[in-house]
Amino acid sequence: MKEIKIFTFLSFILLLIGITFLTLGFDRIHNYNNPDSEESYLLDNDSEDPKNAYVGGDAYNYIINGTHSTSYFVLASALFILSVLLFLCQIQYDTRELIKKAQQGNGEEPSTYLLFQVDKS
């Protein structure tokens, strides 16, 4: 049975969550509809629902949506960085396991083994 690599699994999960927050950030920026604005009075579309509209003024809504999307982008960036760090921890753990297996075959002490040994001959 194959061993489960927990750091790789967590890294993948955090990467998916980060992509979700990145998508939510772009959704806040690009999906905006305020039926109370002057545009909708000119187009006469009363059937449309407001999307990402909180107050009556368009400028205030753009400021609110910009702040929300920035927070989603910061959260996604933090999750991406954490995902990479967890993946690097898994690589380090795997490398240490390989070193331990190699040392068991050579009979060397773990503290004296180097990953890159220099051949003195």
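Residues numbered from 1 in each chain as written. Predicted model: local features only at pLDDT ≥ 70, side-chain atom pairs only at ≥ 80, totals over all residues. Heavy atoms only, no water.

> Can you help me understand the overall build of the protein in this one?
Looking only at helices and strands, one finds three helices and zero strands in the protein. When the helices and strands of the protein are listed from N to C terminus, the series reads α-α-α. When each of the 121 residues of the protein is scored for burial, the buried share is 18%. Across the protein, the fraction of contacts at a sequence separation of at least 24, relative to all contacts at a separation of at least 6, is 60%. In the structure as shown, the protein presents an accessible area of about 9600 Å², 63% of it carried by carbon and sulfur atoms. (Helix = DSSP H or I, 4+ residues; strand = E, 2+ residues; numbered from the N terminus. Buried < 20%, exposed > 50% of the residue type's maximum accessible area, 1.4 Å probe, protein only. Contact = heavy atoms within 4.5 Å. Areas by Shrake-Rupley, 256 points an atom, 1.4 Å probe, with all protein chains shown as cover.)

> How do you make sense of the side chain of Asn34 when you look at a structure like this?
Within the secondary structure, Asn34 is located in the loop between α1 (6-30) and α2 (38-43). What makes Asn34 buried here is its relative accessible area of 4%. Within the structure, Asn34 has its side chain in polar contact with the side chain of Tyr32 (distance 3.4 Å). Here Asp58 takes part through its side chain, which lies 3.3 Å from a polar atom of the side chain of Asn34. (Polar contact = N/O pair within 3.5 Å; in protein donor to acceptor, adjacent residues only side chain to side chain.)

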